[in-house]
Amino acid sequence: MRRNPREAEESNRQLNRRTLMLGGAMGAMVAVLGVRMRYLQVEQADEFKLLAEENRISIRLIPPDRGLIRDRNGKLIANNEQNYRVVITREAAGDAELVLRRLARVIPMTPEEVERAIEEVKSLSAFVPVTVAERLSWTDFSKVALNAPALPGVTPEVGLSRKYPLDTDFAHVVGYVGPVSEKDLEGLQSPDPLLRIPKFQIGKIGVEKWMEDTLRGHAGTKRIEVNSAGRVMRELERQEGDAGADIRLTIDAGVQNFAQARLGAESAAVVMVDVTNGDIICCASAPSFDPNLFVRGISHTDYKVLMENDHRPLANKTVSGAYPPGSTFKMVTALAALEAGVITPETRVRCPGYIEYGGRRFHCWKRGGHGSVGLVRSLSESCDVYYYDIAQKVGIDKIAEMGRKLGLGQRFDIPMSAITEGIMPDKQWKLEKHKQDWRIGDTINASIGQGYVLTSPLQLAVMTARIASGRALVPRLVRMVNDQELPLAEAPLLEIPQAHLDGVRLGMHEVVNGDHGTGKSSRVVDPTMIFAGKSGTSQVRNISKAEREAGVISNDDLPWDRRDHALFVGFAPFDAPRYAVAVVVEHGGGGSTAAAPIARDVILRAMSDGLPSLEAYPSSQRGRIESMLKELPLRDPETGIVPAKTET
C-alpha cells in the first residue's frame, strides 16, 4: 500500500526531530563528561596523584595529657615531659622485621630491643602502631625523619611521658605509671580504647593507680593520610581530647622531704596528720626508690637490687606495715578502763616488777618495778604492770571497742595501695580466726600493744589526732581536683569524757616534759611548741626465762632483724594541738631513743617556716642538732634539687 506523500513528509519531519533531540542529548552528555574530565585531570590532579600512589586514610587516637599532681601548696610532684619516640605500623611497613633492623642502624637499639620489638609487632594487629623506641635525643629523632623513605611504616612522634621531679620523696604516695598489662584489663567489661594502645601508660600503685580515671582524661582523634611507604603525607583532621584532671594533695612537699631525709637509711615510716581537719601533711616510708625507673622500664639489675634489700624499699610501710604498737597502745587501755569505770585518774596500782597469772610471770620493763603508780605516772614512765592489772578488770572487748573508736583496726579510704586494716582483736575475732577461746594471758599481752594487736603508722597517727582533738577525725590525702576543694569528712565528737582525755593527755605531756618521762630527751623548750607523746617498744622475739635471769641481751648486741621495733606517737602544741605524728623504726631498739627524736624534728619542721629553730631545742642539744640539720640531704625549695655535699 502506497503512503500518502503528505504522510511520508510528516514522518520524515518527526524522524529528523528525534535525531536532533538524540544528538543534542548526546552532545550535552559529552560536554558534561568533558567538563568532569577537565575537573578531575586538571583541578584535582594533585589529589588523584596521591591516590594513585596508594594513599590511604588512617584514624588514630590522640592520648590526652595526663593530669598533674601537686602538693598542698602547688609544688609539682608529677608532671609530663616531652618525649621523642618512634612507632611502626606493620601494614604500612611491609617487611617489619627488615625495617626494624634498618632502624637499629639509624638510632641506638640493642639486639634484645630489636627482637622484642619484632615480637611485639608480630603479636598485634597489622594496623596497630607500636612504640619501638622513646626518649630519643633530638639528633636521633631527626635521623629517623631524614631516613623516612628507607623506613616505611616508621613514624617519628612527639608525645608526653610521666616524670616525677621529686623522685624518692613521693614514690610510695604517688606511685608511678607503666604500660597497660593483661592483668590491668582483667574484669573490665568495656575498657577505654586508650588502654588498647600498645605501651599506653596507666597508674600502677598509689595515687596514680587509685585516681587513674580522674588523671587519664579522654582521647582525641586525628585523620591522617599515608602513602604506600607508610609515610605520613598530611593530617586531614584533628579533634583534641580532654586532658586529665589536676590533683592537689594534702601533703606538704617541704615537710615530706624533711621527713624522708630525717629517716635516712633506717627502715622506717613517719605519718603526720593535721589535728584540725584530718589532712595528711607527711607520709614518708624509708628507704624509698626512684619511680622514674619504672616509667622508663626498670632494668632487671635495678629491680633485683630493690627486691633483695632487707629494708624493703618497695613496701609502703606507712599504710601497709602492720606492727605491734607496744606501749603507744597504753592510752587505749587506759581510756577503756576509765570509760568502764574500773579506774579513775587517781586509782593507784602497785608494780613490783611483774604479775603472775596461771603460773606465768608477766614482767614490767623495769626489773625492780615502779612501786605505787597512778594514771599519769603509768604513762610517763610506761609501767607495764599498771596496764596488766587494769586490763584484766576491763576485759578485751571493751579495750577493742575503744581501739576502734580511736581508729585502730579499720581501713581508711584514701587513694594508696595495700592499705592494711591491722588487727584490733577481741574474743569473737580469736574464735573466728583461730577457733580458740580468748584467754586472760591474751588480754594481758594486748594491754601493752603486744600479742595479736597490729597497727599501721597511719592508724597510730589517727589515734593520736583523735586523742588530741577529741573528735573522730578521718584522714584525707586529696585536697583538690581541678581547683575544686573536696569536702572534709564529718568529725563528730568521740563521746569520751573530757576528764578522761585530759588525764591521758597529761600523761603524754609528762612522757616528754616530766623529770622521769621515758621521752624527756626529746622535749621542746619553745613554750609555743610544747610537745606531748608516748614511746613504745615492740618485741619481735621471745625472751626466755634463762635470758631474763641472766640479763636481757641488749638490742645493740643482736642482729638487726632480731632487734625490737621502736615507736613514738605525739602531738603539738600541747595547749592547742595542730599536728599529730607517728613514727615506726623497724628494729630500731627503744622508742624513746630511735623514734622520738625523729617525731620531734618532723613536727617542729611542720610548725616552722623552714628548718626547725635551734631555740626550740634544749640548749645542751643545739650543737648536735645544728650539725645534724646541716648534714640532711634536703632539696632546694626553689629548684627541688638536693645539693651535692662537699668534702671538708
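For clarity, every value in this text was computed on a predicted model and none was experimentally measured. (Residues numbered from 1 in each chain as written. Predicted model: local features only at pLDDT ≥ 70, side-chain atom pairs only at ≥ 80, totals over all residues. Heavy atoms only, no water.)

**Student:** It is not clear to me how the nonpolar core should be interpreted in this structure. Could you clarify?
**Tutor:** Nonpolar side chains in soluble globular proteins generally cluster together in the buried interior. One finds Val173, Leu249, Leu335, Tyr386, Leu406, Met463 and Leu477 to be the most contacted residues of the largest nonpolar core, which totals 97 residues. Per-element tally for this core: the top contributor is helix α20 (residues 457–469), with 8 residues. Ignoring anything within four residues of it in the chain, the contact list for tyrosine 386 reads Ile343, Thr347, Val349, Val373, Gly374, Leu375 and Ser378. Phe258, Val581, Val602 and Leu634 belong to the second largest nonpolar core, which has 40 residues in total. (Core = buried A, V, L, I, M, F, W, Y, C linked by side-chain atoms within 4.5 Å. Buried < 20%, exposed > 50% of the residue type's maximum accessible area, 1.4 Å probe, protein only. Helix = DSSP H or I, 4+ residues; strand = E, 2+ residues; numbered from the N terminus. Contact = heavy atoms within 4.5 Å.)

**Student:** Would you mind showing me how to read the state of the cysteines here?
**Tutor:** In a disulfide, the sulfur atoms of two cysteines are held together by a covalent bond. The full count for this structure, using the stated rule, is 0 disulfides. Cysteine cysteine 282 shares no disulfide, and the gap to the nearest cysteine sulfur, in cysteine 283, comes to 7.1 Å. There is no disulfide at cysteine 351, and the cysteine sulfur nearest it, in cysteine 383, is 3.6 Å away. (Disulfide = S-S within 2.5 Å.)

**Student:** What exactly am I supposed to notice about the pattern of salt bridges here?
**Tutor:** Two side chains with opposite charge may pair up if their charged atoms get near one another. Evaluated as defined, the whole model comprises 35 salt bridges. A salt bridge links arginine 476 to glutamate 485, with the shortest nitrogen-to-oxygen separation between them at 3.4 Å. The exposure class assigned to arginine 476 is buried, which follows from its relative accessible area of 11%. Given a relative accessible area of 44%, glutamate 485 falls into the partly exposed group. A cluster of three or more residues bridged by salt bridges with shared partners is formed by Arg66, Arg162, Asp192, Glu208, Glu212, Asp213 and Arg216. (Salt bridge = Lys/Arg side-chain N within 4 Å of Asp/Glu carboxyl O.)

**Student:** What's the story with helix α24 (residues 622–631) in this structure? I'm lost.
**Tutor:** Owing to its 3.6 residues per turn, the α-helix aligns residues three or four sequence positions apart on the same side. Taken together, the buried positions of α24 are occupied by Ile625, Met628 and Leu629. Down the axis, α24 shows its buried residues gathered within 95° of arc, on one side only. Exposed residues pointing more than 90 degrees away from the buried face of α24 are listed as Lys630 and Glu631. Of the surrounding secondary structure, the elements contacted by the buried residues of α24 are α11 (253–263) and α23 (591–607). (Arc of directions from axis to C-beta.)

**Student:** Would you mind showing me how to read the packing of aromatic side chains here?
**Tutor:** Any pair of aromatic rings gets described here by the distance separating the centres and the angle formed by the planes. Enumeration over the complete set of coordinates arrives at 13 aromatic pairs. Ring centres 5.5 Å apart and planes at 55° place the aromatic pair tyrosine 84 and tryptophan 138 in the tilted group. Taken together, the residues tyrosine 84 in strand β3 (residues 76–89) and tryptophan 138 in helix α6 (residues 138–146) connect sequence positions 54 residues apart. Taken together, the ring pairs in this structure connect Tyr176, Phe289, Phe294 and Tyr303 into an aromatic cluster. One cation-aromatic arrangement involves arginine 361 over tyrosine 354; the distance from NZ or CZ to the ring centre is 3.8 Å. (Phe/Tyr/Trp six-rings, centres within 6.5 Å; stacked < 30°, edge-to-face > 60°. Lys NZ or Arg CZ within 6 Å of the ring centre and 35° of its normal.)

**Student:** Sorry, what's going on with α20 here?
**Tutor:** Taking 1.5 Å per residue, 13 residues should reach 18 Å; α20 reaches 18 Å between its end C-alpha atoms and fits that length. A large share of α20 lies buried, amounting to 12 of its 13 residues. Taken together, the buried positions of α20 are Pro457, Leu458, Gln459, Leu460, Ala461, Val462, Met463, Thr464, Ala465, Arg466, Ile467 and Ala468. Two residues or fewer past α20, glycine 470 is found with a positive phi of approximately 75°. (Expected span 1.5 Å × (residues − 1).)

**Student:** Please explain empty space enclosed by the protein as it appears in this structure.
**Tutor:** Sizing a probe to match a water molecule and rolling it over the atoms shows the empty space that remains. In the structure shown here, the tally under the stated rule is 2 cavities of 30 Å³ or more. Roughly 40 Å³ of internal volume is contained in the second largest cavity. For the lining of the second largest cavity, the residue count by class is 7 nonpolar, 1 polar and 1 charged. (1 Å grid on protein atoms, 1.4 Å probe; cavity = no way out; pocket = protein on both sides within 12 Å on 5 of 7 lines; lining within 4 Å. Points joined across faces, edges and corners; volume = space filled by probe spheres on them. Nonpolar A, V, L, I, M, F, W, Y, C, P; charged D, E, K, R; others polar.)

**Student:** So what exactly am I meant to see when it comes to the side chain of threonine 333 here?
**Tutor:** The topology assignment puts threonine 333 in helix α14 (residues 330–340). Not counting residues up to four positions away in its chain, the partners in contact with threonine 333 are Tyr387, Ile390, Ala391, Ile399 and Ser447.

**Student:** What am I meant to see in the pairing of strand β19 (residues 532–538) here?
**Tutor:** Two faces make up the sheet, and in a regular strand the side chains alternate between them. β19 sits mainly inside the fold: 6 of its 7 residues count as buried. Of the pairings in the sheet, the one linking β19 to strand β20 (residues 565–572) comprises 7 bridges and is antiparallel in character. Note that in β20 the partner of glycine 536 across the bridge is leucine 567. (Pairing = 2+ DSSP bridges.)

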